[in-house]
Amino acid sequence: MSLDEARRTRAEALLGHTFADPSLLAAALTHPNAAGQGGPDWQRLEFLGDSVLNVAVSEAIFLRHPEVPEGGLTKLRATMVSGPALTEVFVQRIAVTWR
C-alpha cells in the first residue's frame, strides 16, 4: 500500500509522529490479507504495536487517575484498548477526516 502525501501528512499529524521511513506507516495501515505473501511478519509487528499502545494508555491512566488502585487501572486499560473502544475513537476522530 502506498499513501499519497496528503494522507501520510494527515496520519502523521493525528499520530503526533513523523515517520523517517513512510513505508512503515503504509505497512501499519495495510491489512495482512492485502499485503500478500513474502512481506514482514505482520503478527510480530502487531504484537509490538499492541505493546506500545498498552504502555501509552497505561501511562496516561496512571497519571490521570492517581486514586485508582492497580486492579482498577488494569480494567480501565483493558476497556480503553478493546476493539470496540478503538473503533469508536477511529470513527469519531479519524475516519471523518481521513477521506
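Read on for an overview of the structure. (Residues numbered from 1 in each chain as written. Predicted model: local features only at pLDDT ≥ 70, side-chain atom pairs only at ≥ 80, totals over all residues. Heavy atoms only, no water.)

## Some words on the overall build of the protein
Rules: For helices the rule is a DSSP run of H or I covering at least 4 residues; for strands it is a run of E covering at least 2, with both sets numbered from the N terminus onward. The classification of residues rests on relative accessible area computed with a 1.4 Å probe and restricted to protein chains. Under 20% of the type maximum is buried, over 50% is exposed, and intermediate values are partly exposed. Using a 1.4 Å probe, the Shrake-Rupley method yields the accessible areas, and only the shown protein chains count as cover for residues.
Counting its regular elements, the protein contains six helices and zero strands. Secondary structure elements of the protein occur, N-terminal to C-terminal, as α-α-α-α-α-α. The buried share of the protein, reckoned over its 99 residues, is 14%. Accessible surface, the protein as shown: approximately 7,700 Å² in total, 61% of it carbon and sulfur.

## Looking at the side chain of Glu-12
Applied cut-off: Identification of polar contacts relies on pairs of N or O atoms within 3.5 Å, with a donor-acceptor requirement for protein atoms, meaning one able to donate a hydrogen and the other able to accept it, and with residues adjacent in sequence counted only if both atoms are side-chain atoms.
Relative to the assigned elements, Glu-12 resides in helix α1 (residues 5–15). Since its relative accessible area comes to 8%, Glu-12 is described here as buried. Engagement of the side chain of Glu-12 in a polar contact is seen with the backbone nitrogen of Phe-19, the distance being 2.9 Å.

## Re the nonpolar core
Put simply, the test is: What is meant by a nonpolar core is a set of buried Ala, Val, Leu, Ile, Met, Phe, Trp, Tyr and Cys residues, joined one to another through side-chain atoms within 4.5 Å. We call two residues in contact when some of their heavy atoms are within 4.5 Å.
Formed by Leu-3, Ala-11, Phe-19, Leu-25 and Ala-26, the largest nonpolar core amounts to five residues. Leaving out residues up to four positions away in the same chain, Leu-25 has contacts with Leu-3, Arg-8, Ala-11, Glu-12, Leu-15 and Phe-19.

## Describing α1
The criterion, for reference: Arc definition: directions from the helix axis to the C-beta atoms.
Listing the buried residues of α1 in full gives Arg-8, Ala-11 and Glu-12. For α1, the angular spread of the buried residues around the axis is 100°, confining them to a single face. Structural note: α1 exposes Ala-6 and Ala-13 on the side pointing more than 90 degrees away from its buried face. A side-chain oxygen of the first residue of α1 lies 3.1 Å from the backbone nitrogen of Ala-6; this N-cap is Asp-4. Once α1 ends, the next one or two residues include Gly-16, with phi positive near 70°.

## Quick look at the environment of Phe-19
Relative to the helices and strands, Phe-19 resides in the loop between α1 and α2 (22–28). Look past the residues within four positions of Phe-19 in its chain and what remains in contact with it is Glu-12, Leu-24 and Leu-25.

## What about a nonpolar patch on the surface?
So the rule is basically this: Patches draw on residues past 30% relative accessible area with no salt bridge. Two like charges within 9 Å are joined, as are two nonpolar side chains (Val, Leu, Ile, Met, Phe, Trp, Tyr) within 5 Å. By salt bridge we mean one thing: a side-chain nitrogen of Lys or Arg within 4 Å of a carboxyl oxygen of Asp or Glu.
Side chains of Phe-47, Leu-48 and Val-52 sit close together on the surface and give an oily, nonpolar patch of about 340 Å² of accessible area. The topology assignment puts Phe-47 in helix α4 (residues 42–64).

## A closer look at the pattern of salt bridges
Enumeration over the complete set of coordinates arrives at two salt bridges. Among the ionic pairs, Glu-5 bridges to Arg-8, the shortest N-O distance being 2.6 Å. Placement of both Glu-5 and Arg-8 in helix α1 is noted, with a separation of three residues, approximately one turn of the helix. For Glu-12, the salt bridge is made with Arg-8, and the minimal N-O distance between the two is 2.9 Å. With Glu-12 and Arg-8 both in helix α1, this residue pair falls four residues apart, about one helical turn.

All we've got here are geometric facts, nothing functional implied.
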